[in-house]
Structure formats: structure tokens, C-alpha cells
Amino acid sequence: MGHMHPARPLAEGRRETMRILIIEDSEDDALLLSRELRQAVDELVYERVDSEAGMRAALGRCAWDLVISDHSMPGFSSVDAFRVLKSSGKDIPFIIYSGDISQPIAVSAMAEGVHDFVQKGDVERLLPVVRRELKGVAERHAREKAEGRVYRLVNFDQLTGLPNRTLFIRQGAELLRELGRCGSGAAIAYIDLDRFMRINNTFGYATGDVLVRAVGQRLAGCVGADALLARCGRDEFVVRSEEHTSELQSRLHL
């Protein structure tokens, strides 16, 4: 049974929290390891588990930054733990920290994708390894966040949050190719707001923006879950659906 343990920050003014999953059958060893890890991180949250079921549950509970595993435990090993991690599909650095593993097994595990192996008790080597892996995690998260921002800027309308013309055309072309292969069809509805310029000129562009957002929200509540709704122009929306045209028109009250 694992337990989540918060640890105090190493120094005032540093607020980054690292979440580390410890695979260890000895609670005392896990506590000692957590004390050592506080030297490498600003603030530590960790959980100890010692079985496949416990590890799977922990992986589903939290977005861990790092997994550190003992090798030999009753009914469970670091090799088993790494297989559980791989089967989960999560990309988390995995370090074996054990005094009871042969060099060939450690080398074989690293060839399979384990990030490093550290002899238990070798804190001088463990801490730089942890810092290195956590730095890599932070860099990867920053890169993914930046890529996500760029993707949204390129593919989504900034006012409504809906897909834009670029994304609609690309996904529409992909759908048409797929429908062509299976002989099906799709319905497309084009919606243009009448007298929109009069609203902008009379009440101001801020009011026009409120109207566009409201229309986008109303349309999103009408279309089916499989439909693609996009804002394709200043006052233009388009909906693509695999429903029949009459069904789509009924949804949109057209």
C-alpha cells in the first residue's frame, strides 16, 4: 500500500514541485531515499508502492516526473516495474536504485530503455542522475507547452477557441478521402451572420466579439459530437457532419 508524502522545500523562494514514484518494499528505505532526494529538488512529493497493482494505481493517480525502483522485491522487480510503465504508455524517466542487481541485468534493462542504474547508497552518483533526468523532464515539458501554443495559434481561432479555416480544410480533406474509400457522404453547413458590420459600427467591435463568441457557443451546443465546427471568417462559421443534410439542418434550426 503506497502513501503520498509531501516534503518541505529545500530553500525559501523556490516553489517548483517534483513528483517521484518510488518502487520499494521497505518503507524505511523509501523514507531514507526521500531525504536524499530533497537535496536534488526544490520540493518533493513522493509515493511508495511495491506491487504491480499498486504501481498501476499510482500511475493513474498522478502525473509523475520520475520513477525510482528497487530491483528485488517479493513478487516484483525493477524489470517488472519498467514493463508496467511501458505498458501504461507514459513517458517517464525510470531509474533503478538497488544494491541487489547484477551488472548484466542492469545493462540489459538500460538497453530496454531504463534511463540509469545507481547502486543503492551511492548518493553522490544518485543526485546528479536525478537532477539530470528532472532537467530533461522540465525541458521536455517546456518544449511540449511551446509546441502546444504554436499548434493552437496555427489551428484555432483565438476569439472563440473553435478550429479555424486551416484546421477545417485539412481535416475536411482527410474525411473526404476516407469517405471516398468507403462510399459514404458528409453534410456541410455554412453560416453567415447578417448585418454583422452594422453591429460593429453601432455598438463597437467589443460588442461584436461578444456576439461572435456567443454564436460559437450556441452552435457548439447544437452540433453532434462527431461534427467539426469552425470559424472560417469574421462572421462566418462552417459545420461538417457525417449526418444527412436534413439532420444537420434540424440540429442547427436552419
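Conventions used here
Residues numbered from 1 in each chain as written. Predicted model: local features only at pLDDT ≥ 70, side-chain atom pairs only at ≥ 80, totals over all residues. Heavy atoms only, no water. Helix = DSSP H or I, 4+ residues; strand = E, 2+ residues; numbered from the N terminus. Buried < 20%, exposed > 50% of the residue type's maximum accessible area, 1.4 Å probe, protein only. Contact = heavy atoms within 4.5 Å. Areas by Shrake-Rupley, 256 points an atom, 1.4 Å probe, with all protein chains shown as cover. pLDDT = per-residue confidence, 0-100. Pairing = 2+ DSSP bridges. Axes fitted to C-alpha atoms, helices over the stretch in contact; angles between N-to-C directions. Salt bridge = Lys/Arg side-chain N within 4 Å of Asp/Glu carboxyl O. Left-handed = near helix turned anticlockwise from the far one by under 90°. Nonpolar A, V, L, I, M, F, W, Y, C, P; charged D, E, K, R; others polar. Core = buried A, V, L, I, M, F, W, Y, C linked by side-chain atoms within 4.5 Å.

S.K.: Residue-level account of the overall build of the protein, with values.
M.R.: If you tally the helices and strands in the protein, you get nine helices and 11 strands. A total of 254 residues make up the protein; the buried ones form 41% of that total. Taking contacts inside the protein between residues at least 6 apart in sequence as the whole, the part at least 24 apart equals 65%. As displayed, the protein has an accessible area near 14600 Å², and 50% of this comes from carbon and sulfur atoms.

S.K.: Give me the lowdown on the confidence of the model for the protein, citing residues and values where you can.
M.R.: Looking at the protein as a whole, its pLDDT mean stands at 85, while 89% of the residues score no less than 70. This model gives residues 7–15 a pLDDT under 50, and the stretch forms 13 contacts once residues within four places in sequence are excluded.

S.K.: Explain the sheet that holds strand β9 (residues 187–192) residue by residue, including any values.
M.R.: Spatially, β9-β11-β10 is the arrangement adopted by the three strands of the open sheet, whose pairing is antiparallel. In this open sheet, the two edge strands, each paired with only one partner strand, are β9 and β10 (228–233). In this sheet, adjacent strand axes meet at a mean angle of 20 degrees when their direction is disregarded. Bridge count between β9 and strand β11 (residues 236–241): six bridges; the pairing is antiparallel. Residue pairing in the sheet places alanine 189 in a bridge with valine 239 of β11.

S.K.: Go over the pairing of strand β3 (residues 43–49), please, and point to the residues and values.
M.R.: Extensive coverage of β3 is indicated by the burial of six of its seven residues. By the bridge criterion, seven bridges tie strand β2 (residues 17–23) to β3 in an arrangement that is parallel. Across the sheet, residue isoleucine 23 finds its bridge partner in β3, namely valine 49.

S.K.: Residue-level account of the pattern of salt bridges, with values.
M.R.: Pairing between side chains becomes possible if they bear opposite charge and their charged atoms approach one another. Throughout the structure, instances matching the rule amount to 12 salt bridges. The salt bridge involving lysine 120 is made with glutamate 24; its shortest N-O contact spans 2.9 Å. Residue lysine 120 is located in the loop between β8 (116–119) and α5 (123–155), and its partner glutamate 24 is located in the loop between β2 and α1 (27–37); the two are separated by 96 residues in the primary sequence. For aspartate 70, the salt bridge goes to lysine 120, with nearest N and O atoms at 3.4 Å. Pair noted here: aspartate 70 is in the loop between β4 (66–69) and β5 (72–73) and lysine 120 is in the loop between β8 and α5, with a separation of 50 residues, a long-range link. Lysine 120 sits in the partly exposed class, given a relative accessible area of 29%. Members of the salt-bridge network, linked through shared partners, are Glu24, Asp29, Asp70 and Lys120.

S.K.: Which residues make up the packing of α1 against α5, and what values do they have?
M.R.: Contact geometry for α1 and α5: axes closest at 10 Å, N-to-C directions at 65 degrees. Of the two possible hands of crossing, α1 and α5 adopt the one that is right-handed. Together, Leu33, Glu36 and Leu37 of α1 and Val123, Leu126, Leu127 and Val130 of α5 make up the contact between the two elements. Its residues assigned to classes, the contact of α1 with α5 comprises six nonpolar, no polar and one charged.

S.K.: Give me the lowdown on the nonpolar core, citing residues and values where you can.
M.R.: Within the largest apolar cluster, 23 residues are counted, with the highest numbers of intra-cluster contacts made by Leu21, Ile23, Met55, Leu59 and Phe94. Mapped onto this core, the elements with two or more residues apiece are β2, α2 (52–61), α3 (78–88), β7 (94–98) and α4 (103–112). Counting residues per element, this core draws most heavily on α3, at four residues. Residues in contact with methionine 55, not counting those within four places in the same chain, are Leu21, Ile23, Val49, Phe76, Ala81, Val84, Leu85 and Phe94.

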